Amino acid sequence: MFDPIDLALFIFLVTIFLSSRFASIVSPHPRTPSTPIMINRRGGARIPQRRIPLIPPPSREQEPPSLTNTYEARPEDIVEVKSILSKARNLPPELVDMILDRAEYWACSAAIIDYSNHPSKHISIHGGSPGEDQFLLRTEPLGLTKWSPSSQDLWRVESAPKQLKREYPESKLQDLVEGPISTLEHPFRKVVFDITSRDQGWSSHHNDHGTYRSSFTWFDAGLERFDMDNECPSDCPDRRNQEDSRDTTGIPTCAIRPIWPPVVANEGSNRNLRYNHELNPVDDHLIQRNKHAEKGMQHHHVEWSWDDDIDPESLEADTLVEAGRGAGTGNGEFVRNLKLGDMITVWGRARFPAWTNNIQRVEVKVYWAF
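Predicted model only: the values in this text are computed from it and were never measured.

**Student:** Help me get a handle on helix H3 (residues 93-102), residues and values and all.
**Tutor:** Listing the buried residues of H3 in full gives Leu95, Val96, Asp97, Ile99, Leu100 and Asp101. Directly after H3, the chain includes glutamate 104, whose backbone phi takes a positive value near 55°.

**Student:** Break down the nonpolar core for me, with residues and values.
**Tutor:** In terms of nonpolar packing, the biggest core is built from 53 residues, with Phe193, Phe226, Ile287, Leu338, Val346 and Val362 touching the most fellow members. Of all the elements, strand E15 (residues 356-368) adds the most residues to this core, at 5 residues. Look past the residues within four positions of valine 362 in its chain and what remains in contact with it is Ala111, Ile112, Ile113, Leu136, Leu137, Asp194, Ile195, Phe219 and Val346. Counting residues in hydrophobic clusters, the runner-up holds 6 residues, among them Trp106, Leu184, Tyr367 and Ala369.

**Student:** How would you explain unusual backbone geometry if you had to name every residue and give the values?
**Tutor:** Of note, the amide linkage connecting tryptophan 260 to proline 261 takes the cis form, showing an omega dihedral of 0°. If you trace the backbone, proline 261 turns up in the loop between strand E9 (256-260) and strand E10 (263-265). Phi at serine 214 takes a positive value of approximately 50°, unusual for a residue other than glycine. Tracing the backbone shows serine 214 in the loop between strand E7 (188-198) and strand E8 (217-226).

**Student:** How would you sum up the state of the cysteines? Please name residues and give values.
**Tutor:** Tallying each qualifying case throughout the model produces 0 disulfides. Here cysteine 254 is not cross-linked by a disulfide; its sulfur's nearest cysteine counterpart is in cysteine 232, at 3.6 Å. The class for cysteine 254 is buried, based on a relative accessible area of 14%.

**Student:** Give me the confidence of the model for the protein: which residues, what numbers.
**Tutor:** Taken residue by residue, the protein gives an average pLDDT of 82. The fraction at 70 or more is 76%. Below pLDDT 50 for its whole length, residues 17-42 participates in 48 contacts with residues either more than four positions away or in separate chains.

**Student:** I'd love a proper account of the pattern of salt bridges, names of residues and values included.
**Tutor:** One pass over the structure, following the stated rule, counts 18 salt bridges. Overlapping salt bridges, with partners in common, bring together Glu132, Asp133, Asp220, Arg349 and Arg351 in one network.

Rules used in this analysis
- Residues numbered from 1 in each chain as written.
- Predicted model: local features only at pLDDT ≥ 70, side-chain atom pairs only at ≥ 80, totals over all residues.
- Heavy atoms only, no water.
- Buried < 20%, exposed > 50% of the residue type's maximum accessible area, 1.4 Å probe, protein only.
- Helix = DSSP H or I, 4+ residues; strand = E, 2+ residues; numbered from the N terminus.
- Core = buried A, V, L, I, M, F, W, Y, C linked by side-chain atoms within 4.5 Å.
- Contact = heavy atoms within 4.5 Å.
- Disulfide = S-S within 2.5 Å.
- pLDDT = per-residue confidence, 0-100.
- Salt bridge = Lys/Arg side-chain N within 4 Å of Asp/Glu carboxyl O.

In structure tokens form, the structure reads like this:
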């Protein structure tokens, strides 16, 4: 007798093989140096390579992950596979979701900003200047495969520093999802960051060269959500682009609100708000520091998963810190707390005069279960 789960997995793999023969090849889009590039806009699914260890080997140089031997599919392909698994052996939806999750057959959205075509091949964030905290990119609203920004002008820049008054209920956001909603408790499974950057390449702290100690250039992960009580002003780009946005869902780009970094009132004013950027990295948002005084561009590959379970106070967390990461990013809380429609942002930082964060490329991939 065959085990039902093994049989279902066999059917699933055969389906992938047959479907892959008809999968279209997505040609690369031209890259504009100052514009985040959105890949797999409709939530193309991917079977990623098996996950690398959360804590990298200390004596091994990290190499960029290979993207070979991947399978691309449309959301409707995932729906079809789920239907085949459900009907072939009369499997319940919960078991089908477990099978697809075990196979890591997840939807994937990606956001990239690439400055390789910039005259200097990168941009620079200078510590001690007004621009020492810089918004770099945001992911598309997680899971909302039917949504697209009504204003590219607003999409490419940081959201206005406004308080979130009322979140959209999940029931309304589900109308913007292509296909059935996953039955998993935490449908967002993994966030992957790939960053190519370096600092200014020198410092007077010679003992820290080549390490992540005393490194004052880094990258943080932020979070944004839509505000249901948003009021679009008369001069809003969303209004100017109404004729060009007839196919969007009705949630304007100007409804995006920052959750982190938080916004606070300016001193002496309760009306004017500003972003509150901390002086030092925040442990549960720090993606990666640059290596101290490295002259060449460095590539860092960082994965946050829903099932990470490193205690921020443990020795394992100390190993994360030694690798330039946040001690509080290894417990899985950031990924487990993601909601439908959330947008992940990446911020580049530099602190103190003479410190410079030179950024060539940033990519964020988010995997979620349909």
